[in-house]
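Listed here are the chains, written in short residue letters.
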Amino acid sequence: MTFYDELSRHKWDKEQESIFAKTASDVERALAKERCNLEDFKAFISPAAEPYLRQMAQKAERLTLQRYGRTIQMYVPLYVSNYCTNSCVYCGFSCQNQIHRVKLDVDAVLKEIEVLKKWGFRHLLLVSGEAPKLSNASYYEELINAVRPHFAQISLEVQPLKTDEYERMVKAGVSYVCVYQETYNEKTYPEFHPKGDKSDFRYRLETPDRCGEAGIQKIGIGALLGLQDWRTDSFFTALHLNYLERTHWKTKYSISLPRLRPHVGGFEPIDPINDREMAQLICAYRLFDPEVDISLSTRESAAFRDMAMHIGATTMSAASSTEPGGYVEPHKELEQFEISDARSVDEMAAAIRANGYEPVWKDWDIWL
Ligand code: SF4
């Protein structure tokens, strides 16, 4: 049994209908509860909850402070390759786009991390396009071995791997893996992922299960907001979280809320989510799950990220480059997408402090 079996029991249209049918009384009932369930989550993300945003935000802030204190965990992504054999219609790295392709070797990665270490980062997220012949488990092991002495936490955001490959990643020192389903709508998924390994909806969906079996300490999931009706995709993300927490209960979880950003190829969001709805969604996740880590990248604006610290966001990146080699030598044409919050690391740390929070660069040491 995997999450695919659980997902098969839910129909997209029926869940969507049920979200839009929630009423003000459903929202009030959910707000009064100490522990919320999936029906309460639907109420929080429904149009009926919009007038209750202030109350949701106050409760979300209280729950976040209880679990996390006044802290924001800091990380930095390091793009190691933009080769990709997939053709996701919303991504600048799609194999359909004529862009210059680069894969960093160990020496190039070591040069990049010199910059990141000087900036103060101790949590590194290695990111790669999906081209398994070029960037595979052995390549990631090589990179992890090289960067491990320099970082307290190493995470991966690369193609879905097999269970035994995740076990190798654990042994190498990876503690956190992010894999986003993009959309949980199995019917429309092929429209956005027409080619390559990523077109296998089920294999991608079952990746967090394989991570859990392999003993990855923390797993990040999420939907790409804007691809489909954001409310329904967010419900399925919450369903996935709920399943994983029951099934792989020793693992910690993180939710990311990437919104579509401009990129080479110019795909337009089908259901764009505005700032107010995005705030509603962050609050909804926090009220549904007080423990879950909520991560916001530099895709979001400075003003939005400053506000989000107060309603549930717990992890943020800063000064990110989305191009391989971009910290040493920036080339705008290699970017996966444009970032929105362009503050330097010092400016970001100062903004976090000005908001009454403390940036946390290092949570623990690798125990290998
Ligand atoms: S989203 Fe990932 S898999 Fe899809 S084209 Fe971009 S880099 Fe490749």
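Residues numbered from 1 in each chain as written. Predicted model: local features only at pLDDT ≥ 70, side-chain atom pairs only at ≥ 80, totals over all residues. Heavy atoms only, no water.

Quick look at the pairing of strand β3 (residues 153–157)
Move 1: Extensive coverage of β3 is indicated by the burial of four of its five residues.
Move 2: Note that strand β2 (residues 123–128) and β3 share five bridges and pair parallel. Bridging from a neighbouring strand, H123 pairs with Q153 of β3.
Move 3: Regarding the hand of the β-α-β motif, the stretch spanning β2, helix α7 (residues 137–147) and β3 is right-handed.
Move 4: The sheet contact formed by β3 and strand β4 (residues 174–178) spans three bridges and is parallel. Across the sheet, the residue bridging to L156 is V177, located in β4.
Move 5: In the classification by handedness, the crossover that spans β3, the intervening helix α8 (residues 163–172) and the parallel β4 is right-handed. (Buried < 20%, exposed > 50% of the residue type's maximum accessible area, 1.4 Å probe, protein only. Helix = DSSP H or I, 4+ residues; strand = E, 2+ residues; numbered from the N terminus. Pairing = 2+ DSSP bridges. Right-handed = clockwise from strand over helix to strand, strands pointing away.)

As for the pairing of β2
Regular strands place side chains that alternate from one sheet face to the opposite one.
Move 1: Of all six residues in β2, six are buried, a share of seventy percent or more.
Move 2: Residues H123, L125 and V127 point to one face of β2 and L124, L126 and S128 to the other, with burial holding for every one of them.
Move 3: In this sheet, β2 lies alongside strand β1 (residues 71–81) in parallel orientation, the contact comprising five bridges. Across the sheet, the residue bridging to V76 is L124, located in β2.
Move 4: For the crossover from β1 across helix α6 (residues 106–119) to β2, the handedness is right-handed.

Overview of helix α13 (residues 275–288)
Move 1: The end-to-end C-alpha distance of α13 is 20 Å, a good match for the 20 Å that 14 residues give at a rise of 1.5 Å each.
Move 2: For α13, the buried fraction is high: twelve of the 14 residues fall into the buried class.
Move 3: Residues E277, M278, A279, Q280, L281, I282, C283, A284, Y285, R286, L287 and F288 constitute the buried set of α13.
Move 4: Regarding α13, its N-cap is N274, as a side-chain oxygen of that residue lies 3.1 Å from the backbone nitrogen of R276 further along. (Expected span 1.5 Å × (residues − 1). Polar contact = N/O pair within 3.5 Å; in protein donor to acceptor, adjacent residues only side chain to side chain.)

Details of the pattern of salt bridges
Move 1: Using the criterion set out here, one finds 23 salt bridges in the structure.
Move 2: Among the ionic pairs, D40 bridges to K33, the shortest N-O distance being 2.9 Å.
Move 3: The exposure class of D40 is buried, given its relative accessible area of 7%.
Move 4: Judged by its relative accessible area of 29%, K33 falls in the partly exposed class.
Move 5: One continuous salt-bridge network, built from bridges that share partners, spans E15, K22, E39 and K42. (Salt bridge = Lys/Arg side-chain N within 4 Å of Asp/Glu carboxyl O.)

A short note on helix α3 (residues 24–31)
Move 1: Those residues of α3 not exposed but buried are D26, V27, A30 and L31. The arc enclosing the buried residues of α3, seen along the axis, measures out at 130°, which places them on a common side.
Move 2: Check the buried side of α3 and you find it contacts α4 (38–45), α5 (53–68) and α13. (Arc of directions from axis to C-beta. Contact = heavy atoms within 4.5 Å.)

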